[in-house]
Amino acid sequence: MNILALLKARFQPVLESMSADVAPLLEMIRPAGDPKFGDYQANFAMGLAKKVGKNPRDLATEIVAATSLEDLCEPPEVAGPGFINLKLRDDWLQMQLSAAQADTRVGVEKAAESKTYIVDYSSPNVAKPMHVGHIRSTVIGDSLCRTLKFMGHNAISDNHLGDWGTQFGMIIYGYKNFVDQDAYKAAPVPELSRIYRVVRSLMDYFDAKNALPKLIEKLAERTAEYETAKNAPETSDKAEAKKQKKEVGRLQSQIKELNEEIEATKEKVAKTDDSPQLAKLAAEHANISTAVLQETAKLHAGDEENLALWKEFLPFCEDEIKRVYERLNVTFDHQLGESFYHDRLAAVVEDFEKRGLAKESEGATCVFLEGFKAPMIIRKRDGAFLYSTTDLATIAYRMETWKPDAILYVVDFRQGDHFDKLFAATRLWGYTDIELKHVSFGTVMGDDGKPFKTRSGDTVGLEGLLDEAVSRAYKIVQDAGAAGGDALEESQQKAVAETVGIAALKYGDLSQNRESDYKFSYDKMLALNGNTSTYMQYAYARVQSIFRKGEVDIDALRTSGAKIVLGHPAERQLALAILRFSEALDDVLVDYRPNYLTNYLFDQLAKSYSGFFENCPVLKAETEEQKNSRLLLCDLTARVIQQGLGLLGIQTVEKM
Ligand code: ARG
């Protein structure tokens, strides 16, 4: 049962008799912003009245009279210029609560139409350590999959691993040149990471070295421009003078930025140059960047040695990420990485050429797309295929295999242009009947307002992040115990800390508007107050502790025939919040935004529960009926929290 959908369905036939386009009118039925105006409000009468040439209040009254609402609402009130205020009947709410209570889905119906979704998420480039950015894709994608499945859709998760790219050229080159065989035999993964880091730092060194003259040249240009702008003849035209001043300021700040960049680049270069050891290494591998590309190209061309190395390394890389997924409690239906599509790429390019959709330009094969300045390159001049080519092959494969209605890509906003082009090319290719969606997300920032890094400047490894969250959660759990909370054994405290710590990290991410950058803060995400998983888990555990304290057998009470009776306004408000879970899930799926679920859990459910808890004694209720009714309300609240957190990929704990 979904209250909003039900109200819309009741108004729909009446509105259809008055307008050909009812969808926007139905959109104007919404939860009331202020309980003064009831539970829901319908605001379509004003707009519709203009169209049909009637007085809006009269029209509202007419619509209300024609709509069958008696069983679920109190007599509606027409207010102000024609607002329709709807208040649900208490007996109806009570009936819905009974139904929700008896339902394992706490009253949430599946979607009327089940669709097939492919959700492409996490998708790290293996052989490099996973970092904080991957957490966003992983937890958002996982939560969307869980929500889609819960709503009755066929959601297929596919981890499109980057398992075929330059990073393998890097470790192949590193292995051939730097491996410590004993270390590798003893523990392959750390040795491969070490090798990767050596190659990475050498490549970074040469990149920095090459970039330096260009940066210096740019600085000289800007400085000259600045001199010219500063010495421009004075003008009496105010607007012109303002423009000149602005230009001087703009150049000044560009110069400042360039100077900073040059300093940082110089530092990077000096780090190697000043170390005899590193300088020697760099001299020995002066052509490393080209060599890495060659190793990659050899792998792609099927070179036996490189292919054998790749096959040897890949399982190690997969084990690495598997460990993280296990801790995050994330699984995938499929894990078809880039390598899986390798031998399909030539056919994709041929097909584009055959259909006249791709053209040669400067030796490369390009797809020119309307509305884009640069074409999408699908084969480079040297014959190499690209990320885009693989993505096209992937779409074709997914269409053949699963015939999805939609493919969602949960990927960093920086790839926006790639996906815009990919989707345009896919349509051009003939796949017009599918929803293609880039579920884009922003950057995780540090305290300094720059992308989150550790002190040493490396992007933060995901595992270190999980460990830190868990160890801070452990402290919270210990403190709670010391402050007289539910007593937990040491081993239980550890287990609870793992759940609470991982949850905080996930919820901290999922509760953000996914398109915004957000500041990473352990303190904020583990706070016991506010919109955090810790708070939600605590609310859940608090209900369980009421049951323990009152020695309530909640399973027995559920089936005892005891009923929820709404007496106090705080009870009614909580009941309404419980019954609006379904609306929150609909909201999540409109534009794939899990933060609508966290908002619901905190702003509606948890806040109403607090209000209820403050105003309505449970174990000390006045009568046995009232006590049972309130216990059942507590139970439903806890179940919705548990289900809601479950859809975010977060577990509850019985005590904390
Ligand atoms: N491996 C890519 C990266 O780390 C993300 C892949 C996203 N999925 C896709 N089908 N392109 O940047």
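Note that the structure is a prediction, hence the values are computed from the model and not measured.

S.K.: Is there a simple way to explain the overall build of the protein in this structure?
M.R.: Secondary structure assignment for the protein yields 25 helices and 13 strands. Over its C-alpha atoms, taken along the principal directions, the protein stretches across nearly 85 × 70 × 60 Å. When the 656 residues of the protein are sorted by exposure, 48% land in the buried category. For the protein, long-range pairs separated by at least 24 residues make up 74% of all intrachain contacts whose partners lie at least 6 apart in sequence. Accessible surface, the protein: about 32200 Å² in total, of which carbon and sulfur atoms supply 50%. Averaging the coordinates of the 81 positive side-chain charges in the protein and doing the same for the 98 negative ones gives two points 3 Å apart.

S.K.: Looking at this structure, I do not really get the nonpolar core. What am I missing?
M.R.: Note that soluble globular proteins tend to have their nonpolar side chains buried in a common cluster. By size, the foremost hydrophobic cluster in this structure holds 168 residues, and its most contacted members are Phe-44 and Phe-168. No fewer than three residues from each of domain 1 (3-88) and domain 2 (167-303) sit in this core. In terms of nonpolar packing, the next biggest core, distinct from the first, is built from 31 residues, Ile-118, Phe-423, Ile-434 and Leu-436 among them.

S.K.: I'm lost on the domain arrangement of the protein in this one. Help?
M.R.: Accessible area lost on assembly of the parts is the figure often given for the size of an interface. Domain boundaries assigned for the protein yield domain 1 (3-88) and domain 2 (167-303). On a C-alpha basis, the centres of domain 1 and domain 2 stand 62 Å from each other.

S.K.: Help me understand the packing of aromatic side chains, please; the structure alone is not making it clear to me.
M.R.: To describe a pair of aromatic rings, you give the distance between the ring centres and the angle between the ring planes. This model, assessed by the stated rule, comprises 27 aromatic pairs. Seen in terms of ring centroids, Phe-168 and Trp-310 are 6.4 Å apart; in terms of plane orientation they differ by 70°. Their pairing is edge-to-face. Here Trp-310 lies in helix 13 (residues 304-328) and Phe-168 lies in helix 7 (residues 166-178), a separation of 142 residues in the sequence. Here Phe-168 and Trp-310 have matching classes, each one buried. Centre to centre, the rings of Tyr-325 and Phe-332 are 4.9 Å apart; their planes meet at 70°, and the pair counts as edge-to-face. With respect to burial, Tyr-325 and Phe-332 carry one shared label: buried. Of the aromatic side chains, those joined through ring pairs into one cluster are Tyr-175, Tyr-184, Phe-313 and Phe-316. Cation over ring: Arg-105 sits above Phe-150, and NZ or CZ is 4.1 Å from the ring centre.

S.K.: How should I be thinking about the packing of helix 15 (residues 387-402) against helix 16 (residues 416-428) in this particular structure?
M.R.: Any two packed helices are characterised by how steeply their axes cross, that is the angle between the axes, and by the distance between the axes. The contact between helix 15 and helix 16 brings their axes to 11 Å, and the two run at 45°. In this view, helix 15 runs oblique relative to helix 16, as classed from their interaxial angle. Seen from above, helix 15 lies across helix 16 with right-handed handedness. Residue-level inspection shows Tyr-387, Ser-388, Asp-391, Leu-392 and Ile-395 of helix 15 in contact with helix 16, the latter providing His-418, Phe-419, Leu-422, Ala-425 and Thr-426. Grouping the constituent residues of the contact of helix 15 with helix 16 by class yields six nonpolar, three polar and one charged.

S.K.: Where do I start with the sheet that holds strand 2 (residues 40-42) in this structure?
M.R.: Sheet strands line up and pair through hydrogen bonds in the backbone, either parallel or antiparallel. Read across the sheet, four strands follow the order 1-2-4-3 without closing on themselves; strand pairing throughout is antiparallel. The sheet terminates laterally at strand 1 (29-31) and strand 3 (77-79), the two strands that pair on one side only. With strand direction ignored, the average angle separating the axes of adjacent strands in the sheet is 30°. Both strand 2 and strand 4 (residues 83-86) contribute to a ladder of three bridges, which runs antiparallel. Across the sheet, the residue bridging to Ala-42 is Ile-84, located in strand 4.

S.K.: Just checking my understanding: could you explain the packing of helix 5 (residues 90-101) against helix 25 (residues 624-647) for this structure?
M.R.: The interhelical angle for the contact between helix 5 and helix 25, taken along N-to-C directions, is 60°, at an axis separation of 11 Å. As summarised for this structure, helix 5 and helix 25 are arranged oblique, according to the angle between their axes. Here helix 5 runs over helix 25; the crossing is left-handed. Here Leu-97, Ala-100 and Gln-101 of helix 5 come into contact with helix 25, specifically with Leu-632, Leu-636 and Arg-639. For the contact of helix 5 with helix 25, a count of residues per class yields four nonpolar, one polar and one charged.

S.K.: I'm lost on the site of the ligand in this one. Help?
M.R.: Around the ligand, the neighbouring residues are Asp-120, Ser-123, Asn-125, His-160, Tyr-387, Asp-391, Tyr-409, Val-411, Gln-415 and Phe-419. Contact between the ligand and Tyr-387: a nitrogen atom at 2.8 Å from a side-chain N or O atom of the residue. At 2.8 Å from a nitrogen atom of the ligand is found a side-chain nitrogen or oxygen belonging to Asp-391. When the ligand sits alone it has 350 Å² of accessible area, and the protein chains cover 88% of it. At the level of elements, helix 15 and strand 10 (406-412) are the ones that each hand at least two residues to the shell around the ligand. Taken together, the residues that form the shell around the ligand break down as four nonpolar, four polar and two charged.

S.K.: How should the sheet that holds strand 8 (residues 364-367) be read in this particular structure?
M.R.: Within the open sheet, the three strands sit side by side as 7-8-9. Their pairing is antiparallel. Among the strands making up the open sheet, the edge pair consists of strand 7 (359-361) and strand 9 (376-379). Across this sheet, the average inter-strand angle for adjacent strands is 50°, counted without regard to direction. With three bridges connecting them, strand 7 and strand 8 associate as antiparallel partners. Residue pairing across strands places Lys-359 opposite Cys-366, the latter belonging to strand 8.

S.K.: Honestly, a negative patch on the surface in this entry has me stumped. Any pointers?
M.R.: On the surface, Glu-113, Asp-405, Asp-433 and Glu-435 cluster together to form a negatively charged patch. With respect to the helices and strands, Asp-405 occurs in the loop between helix 15 and strand 10. Asp-405 gets classed as partly exposed once you look at its relative accessible area, which sits at 37%.

Criteria and cut-off values
- Residues numbered from 1 in each chain as written.
- Predicted model: local features only at pLDDT ≥ 70, side-chain atom pairs only at ≥ 80, totals over all residues.
- Heavy atoms only, no water.
- Helix = DSSP H or I, 4+ residues; strand = E, 2+ residues; numbered from the N terminus.
- Buried < 20%, exposed > 50% of the residue type's maximum accessible area, 1.4 Å probe, protein only.
- Contact = heavy atoms within 4.5 Å.
- Areas by Shrake-Rupley, 256 points an atom, 1.4 Å probe, with all protein chains shown as cover.
- Lys, Arg positive; Asp, Glu negative; His and termini not counted.
- Charge placed at Lys NZ, Arg CZ, Asp CG, Glu CD.
- Core = buried A, V, L, I, M, F, W, Y, C linked by side-chain atoms within 4.5 Å.
- Domains from an automatic or database assignment.
- Phe/Tyr/Trp six-rings, centres within 6.5 Å; stacked < 30°, edge-to-face > 60°.
- Lys NZ or Arg CZ within 6 Å of the ring centre and 35° of its normal.
- Axes fitted to C-alpha atoms, helices over the stretch in contact; angles between N-to-C directions.
- Parallel < 35°, antiparallel > 145°, perpendicular 65-115°, else oblique.
- Left-handed = near helix turned anticlockwise from the far one by under 90°.
- Nonpolar A, V, L, I, M, F, W, Y, C, P; charged D, E, K, R; others polar.
- Pairing = 2+ DSSP bridges.
- Near = heavy atom within 4 Å.
- Polar contact = N/O pair within 3.5 Å; in protein donor to acceptor, adjacent residues only side chain to side chain.
- Patch = residues over 30% accessible without salt bridge, like charges linked within 9 Å, V, L, I, M, F, W, Y side chains within 5 Å.
- Salt bridge = Lys/Arg side-chain N within 4 Å of Asp/Glu carboxyl O.

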